[in-house]
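Structure at a glance
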Amino acid sequence: MNYMKLALGEAQKAYDENEVPIGAVIVKDGIVIASSHNKCEKEKDCTCHAEMNAIKAAMKMTGEKVLDSCEMYVTVEPCAMCAGAIANARIRRVYIGCEEPKTGCMGSVTNLANMLPHKCEVYYGFCEDECKSIMKKFFESKRKITD
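My aim in this report is to walk through the structure given alongside it, one point at a time. Nothing here was measured: the structure is a model prediction, and the numbers come from that model. Residue positions are counted from 1 within each chain, in the order its sequence is given. For this predicted model, a pLDDT threshold of at least 70 governs which residues receive local features, and a threshold of 80 or more governs which side-chain atom pairs are given and counted, while totals over whole chains, interfaces and linings are taken from all residues. In computing side-chain values, all of the structure's heavy atoms are included and hydrogens and water are not.

Some words on the pattern of salt bridges
Put simply, the rule reads: We define a salt bridge as a contact between a side-chain nitrogen of Lys or Arg and a carboxyl oxygen of Asp or Glu at a distance within 4 Å. Only DSSP runs of H or I covering at least 4 residues are called helices, and only runs of E covering at least 2 are called strands; the numbering of each starts at the N terminus. Partly exposed residues are those whose accessible area sits between 20% and 50% of the maximum for their type, while under 20% is buried and over 50% is exposed, using a 1.4 Å probe and protein chains only.
Tallied over the full model, the rule gives 5 salt bridges. Two residues, glutamate 130 and lysine 5, come together in a salt bridge whose shortest N-O distance is 3.0 Å. Note that glutamate 130 is positioned in helix α5 (residues 128–146) and lysine 5 in helix α1 (residues 3–16), a separation of 125 residues in sequence. Lysine 5 gets classed as partly exposed once you look at its relative accessible area, which sits at 42%. The partner of arginine 93 in a salt bridge is glutamate 121, with the nearest N and O atoms 3.1 Å apart.

Describing the layout of surface pockets
The following threshold applies: Buried and open spaces are told apart on a 1 Å grid over the protein atoms alone, a cavity being a set of points where a 1.4 Å probe fits but cannot get out and a pocket being an open set with protein on both sides within 12 Å along at least five of seven lines. Residues with an atom within 4 Å of a point are the lining residues. Grid points are joined across faces, edges and corners, and a volume is the space filled by probe spheres set on the points.
As a volume, the largest pocket reaches approximately 570 Å³. What lines the largest pocket is a set of 26 residues, among which Val20, Ile22, Glu100, Met135 and Phe139 lie closest to the centre. Elements with a contribution of two residues or more to the lining of the largest pocket: α2 (40–43) and α5. Here the element with the most residues in the lining of the largest pocket is α5; it accounts for 7 residues.

A few points about α1
Stated formally: A helix is expected to reach a length of 1.5 Å times the quantity of its residues less one. This arc corresponds to the set of directions leading from the helix axis out to the C-beta atoms. Polar contact is defined as a pair of N or O atoms within 3.5 Å, subject to the rule that within protein one atom must be able to donate a hydrogen and the other to accept it, and that residues adjacent in sequence are counted only when both atoms are side-chain atoms.
Helix length check: α1, at 14 residues, gives a terminal C-alpha distance of 20 Å against a target of 20 Å (1.5 Å per residue), a fit within 8%. Buried residues of α1: Tyr3, Met4, Ala7, Leu8, Glu10, Ala11, Ala14 and Tyr15, and no others. What you see down the axis of α1 is that its buried residues fit within an arc of 155°, all on one side. The residue sitting at the N-terminus of α1 and contributing the capping side-chain oxygen is asparagine 2; that oxygen lies 3.1 Å from the backbone nitrogen of methionine 4. Directly beyond the C-terminal end of α1, a positive phi value near 65° is found at asparagine 18.

This is the structure:
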């Protein structure tokens, strides 16, 4: 199963809801246990990023406060808040669609996840073109509205 394609499906949901199109999926033992997308506008809550939503859902599903046997697939490199949450949740591996050169905190600008005691493996470039494309399309549509 291509988990990044599922994350892209979540990103499309965000796009359709006029949210920044980022999606995240959490997998444990080859089974998807949580998936989500950005919901900041809908919830009027700046912490409702795809990664945060997915982590909370996975913890609720497992009944555990750590996800050390899990992997996350996320369409765009996590920000500082999400990188910290990923590390604190002890997620084992993170697969990232594309880098975020302005605010990325899992390798681009900095690597917060490796500054904390728990170190997670980070891999880039999964469905990279599709992940970049949906972000570009979203922000181009926003620029057209404000021009």
